[in-house]
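Spelled out, the chains give:
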Amino acid sequence: MKNKSDLSVAIVGGGIGGAAAAVALHSKGIKANIYEQASDIRELGAGIGMRPPTVHFFKDWGIYEEIVQKSSISGYMAVLTAHGEVLVKEEWPVLTDNPKEDWARLIHRADLIETFFNQVPTENVHLKHRCKKVIEHEECVEIQFENGNRIEADLLIAADGIRSVVRQQIFSDVKPIYSGMHAYRTVLPEKEAFNLAPDDTFRVFVAESGSHVYLMPLPHRNQVSYDITVHSEDKSWKPVVSIEEILEHLQEFNPMFQKMADLAESFTCRAIYDIDPIDRWTSGRIALLGDAAHAMLHHRGQGANMAIQDGGVLAEAVMKADTIQEALKIYESLRKPINHEYQKLSRLTPNNKRGTAFPEKEILKF
Ligand SMILES: Cc1cc2nc3c(=O)[nH]c(=O)nc-3n(C[C@H](O)[C@H](O)[C@H](O)COP(=O)(O)OP(=O)(O)OC[C@H]3O[C@@H](n4cnc5c(N)ncnc54)[C@H](O)[C@@H]3O)c2cc1C
């Protein structure tokens, strides 16, 4: 392999996974260029929980202090009935017994992506670059974009999401499957959450129908992230849903949830798709990462965590290995088993019969 600092790495997709991989590589002195189809970098107005192993990587990459400024610690996760009776409340699993150990942190997605992009020099971010084709050569990988540009790289990291063009072209024609659910997400001022999220606990309210509401406190912003997951027949990727329909879905919950929805300026609505695990994530000089490799349902709150950890492990593998091919083998062997477990586990919807807020604790070591 060339000197690591001379490697040219192309990352297709500037979402959480692609951006995290760029930060991980830059922190090790490896330049990575991000090619993103959109004309700007934007993340949804919603909160997201960062798990201890993910926060551990933030320390390695030198962004922990910035993350701390933009996030809040969460002590517990609780599962409640639709009317607020607590069924189970548990501490977030940590990595060690050290009480000062990395802790779960709650952050707004926009702040997370901003923190990542603060680390990536502007000249390494290429917007309006939609990858349409990749060609594997012995000495490089060639990437063609819809805007007519074409580049060559020593390593391609495909972080282009659940509908990955690279996965479909090189690895697998497995198609995303509609889960039968929609997610509606917004962020409200704390006072408009009517004391339903009064402390640092991340709460999931579960209705008999299987609908659920997630309330994630973001006290550093004086806000609460409000996510509603419901059953729907509508498979369109970006469904258009009226506030009246959202209010109807909330009928079986504490009436305050309807009031909160009424106060929201807007919701982002998304149909939730899942995908079966695929056999291979790497080929020659190409690696899939994040949702492109292993999209999963959001019920365990792990998709973004896994994408970020993929980036950390991949960067470490590149540093350790003598060739790109060897690095990708290390990466795939370390990340595939855990992600496949989470893909399966994520199909378990939160419910009031499981007796734990973290079914993953029984299966995986943190
Ligand atoms: C309702 C909901 C709640 C969730 N909550 C959590 C949570 O609490 N914790 C958690 O860990 N995870 C959560 N997730 C999962 C998490 O959002 C995803 O796993 C994560 O965003 C995946 O990141 P990614 O970068 O791999 O893919 P994406 O975010 O999909 O990013 C892919 C990027 O690639 C770009 N792109 C696509 N195709 C091309 C192309 N051909 N050329 C160039 N660019 C391209 C896209 O524009 C996009 O910017 C949740 C998901 C949902 C739906």
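From a predicted model like this one, the values you see are computed outputs, not experimental measurements.

**Q** Even after reading the chapter, I still don't get the environment of Thr54, so can you show me in this structure?
**A** Tracing the backbone shows Thr54 in helix α2 (residues 52-61). Each C-alpha atom, one on Thr54 and one on Met306, is 8.1 Å from the other, the two residues being 252 residues apart in sequence. Sequence-distant contacts of Thr54, defined by excluding residues within four places in its chain, comprise Asn305, Ile308 and Gln309.

**Q** What exactly am I supposed to notice about the site of the ligand here?
**A** Around the ligand sit 32 residues in total, of which Gly17, Glu36, Arg109, Asp291 and Ala304 are the nearest. A distance of 2.8 Å separates an oxygen atom of the ligand from a polar atom in the side chain of Arg109. A distance of 2.9 Å separates a nitrogen atom of the ligand from a polar atom in the backbone of Cys131. Protein coverage of the free-state accessible area of the ligand, which is 1,000 Å², stands at 87%. Listing elements by their share of the shell around the ligand, those giving two or more residues are α1 (16-27), β3 (47-50), β13 (177-189), β17 (268-274) and α9 (303-320). When residues of the shell around the ligand are assigned to domains, at least three map to each of domain 1 (4-73 + 100-176 + 275-363) and domain 2 (177-274).

**Q** Explain a negative patch on the surface to me, please; I cannot follow it from the model alone.
**A** On the surface, Asp234, Glu244, Glu245, Glu248 and Asp262 cluster together to form a negatively charged patch. Sorting elements by how many residues they give to the negative patch places helix α6 (residues 243-249) first, with 3 residues. Note on placement: Glu248 falls in helix α6. Accessibility expressed as a relative area gives 56% for Glu248, which makes it exposed.

**Q** For this particular structure, what's the right way to read the domain arrangement of the protein chain?
**A** It is common to report an interface's size as the accessible area lost on association of the parts. Each assigned domain of the protein chain is listed here: domain 1 (4-73 + 100-176 + 275-363) and domain 2 (177-274). Look at where the C-alpha atoms of domain 1 and domain 2 centre, and you get two points 26 Å apart. Of the roughly 2,300 Å² buried at the junction of domain 1 and domain 2 (both faces included), carbon and sulfur atoms supply 60%. Of all residues in domain 1, the largest losses of buried area upon contact with domain 2 belong to Leu106, Leu297 and His298, amounting jointly to 22% of the total for that side.

**Q** I would appreciate a short explanation of unusual backbone geometry in the present structure.
**A** Peptide bonds are, in most cases, trans, and in most cases residues other than glycine have a negative phi. In this structure, Lys128 takes a positive phi of about 55° despite not being glycine. By secondary structure assignment, the location of Lys128 is in the loop between β8 (125-126) and β9 (131-136). When its relative accessible area of 57% is taken as the criterion, Lys128 is described as exposed. The residue Asn222 is not glycine, and still its phi comes out positive at about 55°.

What counts as what
- Residues numbered from 1 in each chain as written.
- Predicted model: local features only at pLDDT ≥ 70, side-chain atom pairs only at ≥ 80, totals over all residues.
- Heavy atoms only, no water.
- Helix = DSSP H or I, 4+ residues; strand = E, 2+ residues; numbered from the N terminus.
- Contact = heavy atoms within 4.5 Å.
- Near = heavy atom within 4 Å.
- Polar contact = N/O pair within 3.5 Å; in protein donor to acceptor, adjacent residues only side chain to side chain.
- Areas by Shrake-Rupley, 256 points an atom, 1.4 Å probe, with all protein chains shown as cover.
- Domains from an automatic or database assignment.
- Patch = residues over 30% accessible without salt bridge, like charges linked within 9 Å, V, L, I, M, F, W, Y side chains within 5 Å.
- Salt bridge = Lys/Arg side-chain N within 4 Å of Asp/Glu carboxyl O.
- Lys, Arg positive; Asp, Glu negative; His and termini not counted.
- Charge placed at Lys NZ, Arg CZ, Asp CG, Glu CD.
- Buried < 20%, exposed > 50% of the residue type's maximum accessible area, 1.4 Å probe, protein only.
- Buried area = accessible area lost by both parts, 1.4 Å probe.

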